Amino acid sequence: MSIEIRPSGGVLGHEILGVDLARPISDSTFADIEKAFNDCGTVVIRGQKITPEQQIAFTRRFGELDSYPAGNFALPGHDAILVVSNILENGKPIGMIDAGRNWHSDMLFTEKPPRCSLLYSLEVPHQEGQSIGDTLFASTAVAYDNLPESMKTRLNGLKARHSFRTYAATKSDGREKVGDEFADVIHPLVRTHPITGRKCLYLSHSLTQKIGDLDQAQTRQLAHDLIEHITSERHVYRHSWRVGDLVIWDNCSTMHRAIFDYALPQRRRMHRTTVAGGRPF
Ligand code: SIN
């Protein structure tokens, strides 16, 4: 298999063509996919028809599996697959209904957040013939590069505290019961990508509680300003889903947000796998 890259026109979201993940992928094809992924931070592979086992097997090519540690959203029989869905069966949600509605990087609340996530679409909501329920991706690496030098100097070396507990307390899907099991974590606000060496802004809309020695209002203001900068149009790719898409994103060099503009009977169903990562530095 030789792959082709179709640029998205922006800084991330390039499409990889010529891949059938239901068939074995050679090491050299995988190396090309991984290189495109590392260079760009978010890549799209459309038109796939894969089983949970095939998604897990492809995910393992990127490294050891990780799984979402809180709540009961795993696909039955497949702990490594987080179901992201608004569908109810027997009156109960089959997955996480409100995943990623604010700008975030997956599982930033853990000591060792995942390297990357892979989201595979099984059902996509539509309105008047158009798909809805898009996902936005922003490059935290390009956003860092585009900061004024004085801001880079100010931010480098700062640590940020992130609290899952505070966020989980606002939920009513089981996460509120386990939030206290997660101690707050402290990560560098500017982290270095372990593979590319690029500097990336690292924070979250809902979880970041304190930056450096700033007070709460100053922390909120700085987090707000940085997220506005990261998510400005020149750094963002908007993915309009089709059934069979697999989108792979890097949890260091990108952040993302799911757009919740649909409701039952419009159904959305996705399977997410994650690859373990190291401690941010
Ligand atoms: C996520 O944040 O992992 C889910 C994104 C989405 O549902 O589009």
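Predicted, not measured: the structure shown is a model, and the values here were computed from it.

Colleague: Help me out: how do you make sense of the site of the ligand in this one?
Modeller: Taken together, Val 84, Gly 100, His 104, Asp 106, Leu 119, Thr 135, Trp 249, His 256, Ala 258, Arg 268 and Arg 272 form the complete shell of residues around the ligand. Between an oxygen atom of the ligand and a side-chain N or O atom of Thr 135, the distance comes to 2.5 Å. Within the contact set of the ligand, an oxygen atom lies 2.7 Å away from a side-chain nitrogen or oxygen of Arg 272. In isolation the ligand exposes 260 Å². Once the protein is present, 99% of that is buried. Partitioning the shell around the ligand into residue classes produces 4 nonpolar, 4 polar and 3 charged.

Colleague: Help me understand the packing of aromatic side chains, please; the structure alone is not making it clear to me.
Modeller: All chains considered together, the criterion is met by 11 aromatic pairs. Relative to Trp 249, the ring of Phe 137 has its centre 5.3 Å away and its plane inclined at 45°; by these criteria the two rings are tilted. One end of the pair, Phe 137, is in strand E12 (residues 135–139); the other, Trp 249, is in strand E19 (residues 246–250), with 112 residues separating them in the sequence. Overall, Trp 249 belongs to the buried group, its relative accessible area being 1%. Among the aromatic residues, those joined into a cluster by ring pairs are Phe 30, Phe 37, Phe 58 and Phe 62. In this arrangement the basic side chain of Arg 101 is found over the ring face of Phe 260, its NZ or CZ atom lying 3.3 Å from the centre. The lysine or arginine in question, Arg 191, covers the ring of Tyr 202, its NZ or CZ lying 4.6 Å from the ring centre.

Colleague: Got a minute to help me understand helix H2 (residues 52–60) in this structure?
Modeller: The complete set of buried residues in H2 reads Gln 55, Ile 56, Phe 58 and Thr 59. Down the axis of H2, the buried set is contained in an arc of 165°. They therefore lie on one face.

Colleague: Quick question: what am I supposed to make of the environment of Tyr 120 here?
Modeller: With respect to the secondary-structure elements, Tyr 120 resides in strand E9 (residues 116–123). We classify Tyr 120 as buried; its relative accessible area is 5%. Excluding anything up to four places from it in sequence, Tyr 120 contacts Gln 48, Lys 49, Ile 50, Gln 55, Gly 244, Asp 245, Leu 246, Arg 269, Met 270 and His 271. At a separation of 3.1 Å, a polar atom in the side chain of Tyr 120 contacts the main-chain carbonyl oxygen of Gln 48.

Colleague: Teacher, can you tell me more about the sheet that holds strand E14 (residues 185–188) here?
Modeller: Sheet strands line up and pair through hydrogen bonds in the backbone, either parallel or antiparallel. Spatial ordering of the open sheet is given by E14-E13-E17, a layout of 3 strands whose pairing is antiparallel. The outermost strands of the open sheet, each flanked by one partner alone, are E14 and strand E17 (208–211). Between one strand axis and the next, the sheet turns by 30° as a mean value, whatever way the strands run. Note that strand E13 (residues 159–162) and E17 share 3 bridges and pair antiparallel. Paired with Arg 161 across the two strands is Lys 210, which belongs to E17.

Conventions and cut-offs
Residues numbered from 1 in each chain as written. Predicted model: local features only at pLDDT ≥ 70, side-chain atom pairs only at ≥ 80, totals over all residues. Heavy atoms only, no water. Near = heavy atom within 4 Å. Polar contact = N/O pair within 3.5 Å; in protein donor to acceptor, adjacent residues only side chain to side chain. Areas by Shrake-Rupley, 256 points an atom, 1.4 Å probe, with all protein chains shown as cover. Nonpolar A, V, L, I, M, F, W, Y, C, P; charged D, E, K, R; others polar. Phe/Tyr/Trp six-rings, centres within 6.5 Å; stacked < 30°, edge-to-face > 60°. Helix = DSSP H or I, 4+ residues; strand = E, 2+ residues; numbered from the N terminus. Buried < 20%, exposed > 50% of the residue type's maximum accessible area, 1.4 Å probe, protein only. Lys NZ or Arg CZ within 6 Å of the ring centre and 35° of its normal. Arc of directions from axis to C-beta. Contact = heavy atoms within 4.5 Å. Pairing = 2+ DSSP bridges. Axes fitted to C-alpha atoms, helices over the stretch in contact; angles between N-to-C directions.

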